[in-house]
Amino acid sequence: MRKQMLSSTRLHSLVVAATLIFALPTAFAEGPVTVEPAAAGFTTAGLARIDAYLKNEVAGNKIPGAVMMIQRHGKTVYFSTFGVRDPGTKQPMTSDSIFRIYSMSKPITTVAAMMLVEEGKLQLDDPLSKYIPAFANVKVGVEKDEDGTMVLHTVPAKRPITIQDLMRHTSGITYGFFGEGLVKKAYVDAHLFSGDVDNAEFAERIAKLPLAYQPGTTWDYSHSVDILGRVIEVVSGKSLYQFEKERLLDPLGMKDTAFYVTDPAKKSLVAEPFPNDRTIGNDAVMNDPREVQKWESGGGGMVSTIGDYARFAQMVLNGGTLGGRRYLSPKTVAYMGSNHIGPGSGVTPGPYYLPGPGFGFGLGFAVRTEAGVSPAEGSVGEMNWSGAGGTTFWVDPKEDMFVVFMAQTVSQRGRLRVALKNIVYGAFEK
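Analysis parameters
- Residues numbered from 1 in each chain as written.
- Predicted model: local features only at pLDDT ≥ 70, side-chain atom pairs only at ≥ 80, totals over all residues.
- Heavy atoms only, no water.
- Buried < 20%, exposed > 50% of the residue type's maximum accessible area, 1.4 Å probe, protein only.
- Helix = DSSP H or I, 4+ residues; strand = E, 2+ residues; numbered from the N terminus.
- Pairing = 2+ DSSP bridges.
- Core = buried A, V, L, I, M, F, W, Y, C linked by side-chain atoms within 4.5 Å.
- Contact = heavy atoms within 4.5 Å.
- Phe/Tyr/Trp six-rings, centres within 6.5 Å; stacked < 30°, edge-to-face > 60°.
- Lys NZ or Arg CZ within 6 Å of the ring centre and 35° of its normal.
- Axes fitted to C-alpha atoms, helices over the stretch in contact; angles between N-to-C directions.
- Parallel < 35°, antiparallel > 145°, perpendicular 65-115°, else oblique.
- Left-handed = near helix turned anticlockwise from the far one by under 90°.
- Salt bridge = Lys/Arg side-chain N within 4 Å of Asp/Glu carboxyl O.

A.B. asks: Can you lay out the pairing of strand E17 (residues 392-396) for me, pointing to particular residues and giving the numbers?
C.D. replies: Taken across its five residues, E17 has five buried, putting it largely inside the fold. Relative to E17, strand E16 (residues 383-386) is paired through four bridges, and the arrangement is antiparallel. Paired with Met383 across the strands is Val395, a residue of E17. Turn length for the E16-E17 hairpin, with the two strands adjacent in sequence and antiparallel, is five residues, and the turn residue Gly390 shows positive phi of about 115 degrees. Here E17 pairs with strand E18 (residues 401-406) via five bridges, running antiparallel. Bridge pairing in E18 places Thr392 opposite Phe405. The antiparallel pairing of E17 with E18 creates a hairpin that spans four residues between the two strands, and Asp400 there sits at a positive phi of about 50 degrees.

A.B. asks: If you had to explain the nonpolar core to someone new, which residues and values would you point to?
C.D. replies: Residues Phe135 and Phe312 are the most contacted members of the largest nonpolar core, which totals 96 residues. If sequence neighbours within four positions are ignored, Phe312 has contacts with Pro107, Ile108, Val111, Leu248, Leu252 and Met254. Residues Ile63, Tyr78, Ala419 and Tyr425 belong to the second largest nonpolar core, which totals 28 residues.

A.B. asks: Pulling in residues and values, what's your account of the packing of aromatic side chains?
C.D. replies: Evaluation of the coordinates by the stated rule reveals 21 aromatic pairs. Summarising the aromatic geometry, the rings of Phe193 and Phe202 are spaced 6.1 Å apart at their centres and angled 25 degrees between planes, so their arrangement reads as stacked. Look at Phe193 and you get partly exposed, because its relative accessible area is 39%. The class of Phe202 is buried, set by a relative accessible area of 1%. Members of the aromatic cluster, each reached through a chain of ring pairs, are Tyr175, Phe177, Phe178, Trp219, Tyr221, Tyr352, Tyr353, Phe361 and Trp385. Taking NZ or CZ as reference, Lys184 lies 4.4 Å from the ring centre of Phe178, over its face. Directly above the ring of Trp394 sits Lys421, whose terminal nitrogen or CZ lies 5.3 Å from the centroid.

A.B. asks: So what's going on with the environment of Ala334? Residues and values would help.
C.D. replies: Examined against the element boundaries, Ala334 turns out to sit in helix H10 (residues 330-336). Judged by its relative accessible area of 46%, Ala334 falls in the partly exposed class. Residues Ala334 and Val316, 18 residues apart in the sequence, show an inter-C-alpha distance of 9.4 Å.

A.B. asks: An account of helix H6 (residues 199-207) is requested, with residue identities and associated values reported.
C.D. replies: If you check which residues of H6 are buried, you get Asn199, Phe202, Ala203, Arg205, Ile206 and Ala207. Packed against the buried residues of H6 are helix H5 (182-189), helix H7 (224-236) and helix H8 (240-252).

A.B. asks: I'd love a proper account of the packing of helix H3 (residues 105-118) against helix H9 (residues 306-317), names of residues and values included.
C.D. replies: At a minimum axis distance of 12 Å, the contact between H3 and H9 shows a crossing angle of 50 degrees. As far as their axial angle goes, H9 and H3 are oblique. Like other packed secondary-structure pairs, H3 and H9 cross with a definite hand, here left-handed. In this structure, H3 contributes Pro107, Ile108 and Val111 to the contact, and H9 contributes Tyr309, Phe312 and Met315.

A.B. asks: Lay out the sheet that holds strand E3 (residues 91-92) in plain terms, naming residues and giving numbers.
C.D. replies: Strand order in the open sheet formed by eight strands is E3-E2-E1-E18-E17-E16-E15-E14, and the pairing between neighbours is antiparallel. Each edge of the open sheet is held by one strand with a lone partner, namely E3 and strand E14 (359-361). Bridge count for strand E15 (residues 366-368) against E16 is two bridges, and the pairing is antiparallel. For Val367, the partnering residue across the bridge sits in E16 and is Met383. Contacting strand E1 (65-72), E14, E16, E17 and E18, helix H11 (residues 413-426) crosses the sheet at an angle of about 35 degrees to E17.

A.B. asks: Mind laying out the pattern of salt bridges, listing which residues take part and the relevant values?
C.D. replies: Two side chains that carry opposite charge are able to pair once their charged atoms sit near each other. The final tally for this structure, using the stated rule, is 20 salt bridges. Among the salt bridges present, the one from Glu272 reaches Arg100, with a minimum N-O distance of 2.9 Å. Of this pair, Glu272 sits in the loop between H8 and strand E8 (279-281) while Arg100 sits in strand E4 (residues 99-102), and the two are 172 residues apart along the sequence. Arg100 shares its class with Glu272; the two are buried. Two residues, Asp288 and Arg290, come together in a salt bridge whose shortest N-O distance is 2.8 Å. Assessed through its relative accessible area of 27%, Asp288 is described here as partly exposed.

In structure tokens, the structure reads:
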């Protein structure tokens, strides 16, 4: 009976995966096809543990639903959907469901910026103020105890913020939606998201706030990639979405990846969390991507489908190419996947170091630097990042594999990422 159940589960996953690929003919133009687990170095029983784990998560009302894909050696070895897309309507999760990917926008924006670097239109050591003059005289916040009360003072930045700083989160810019401190409080008090601001105005608002650290000294998660998105606009003369759509999204076939869902026929495809699982942090809750605004957040504003993001992940895994078209050189992709905050960089991890133990950070991605240390299995050289709404992906060049997981859950996201990684690597046969 158990063997029959495993075979039935795998058959369902393979049929769904085949349907996904055939429905999206440009998704994997280089010819990936669905294969049995053994053909890609996995055990059937090992991959069935993913099904068991996620079905249990849904049955226990820990997550509404999810969708997950594993691709190795250019072939889809695992794809399955779970639960419902929307706990309110009870619509089932489907392969075309649209997710808020939040910070999984960052690798896309960084790849777009590196395309400009390759063209000589942008340099990593350029000062940010070359493109956004408001950042010419930024100040760094310093907390001082004055008669038992912490007061925020500012001092001049010792060096300019660079484009590289934006890509590796060493600009000194921060986020206000998590953590403590007077600089973070200043971000919350500034009401950065009030009104219908565009990228230019948002950058001006950030430039008026103190930095949390001296530029180039500390890894601190931040609005840096939002500002990088504005740099792309200044350099290209186009909106961030227009540039990414023309140069990256459309050529890759990422037809449902954007900043907002504008097609009326697709608005019902937006995946939703449980009603009580929408709070991201101090001043942020999950947005509604069906409500179009001017702001195009390069650091956290995109929506996507699993098929779309799989195209992007495969392009990165391929060293910058997909379907016979090159987006970045393999040297550029390898450079982005190198540790840019390691020894000799002068950078130290801040108190909220999200890459975690055993990981450094490259340009747009966390990069694994040690085989151990982390509570999650993996390979040295892995590139990954995740979204606040519950999505995650990783590219493992050593194993010629990528994994994309999509769900909308704030409260369960960290636990799921570690567990799924361990289950995936535990399913390896060779």
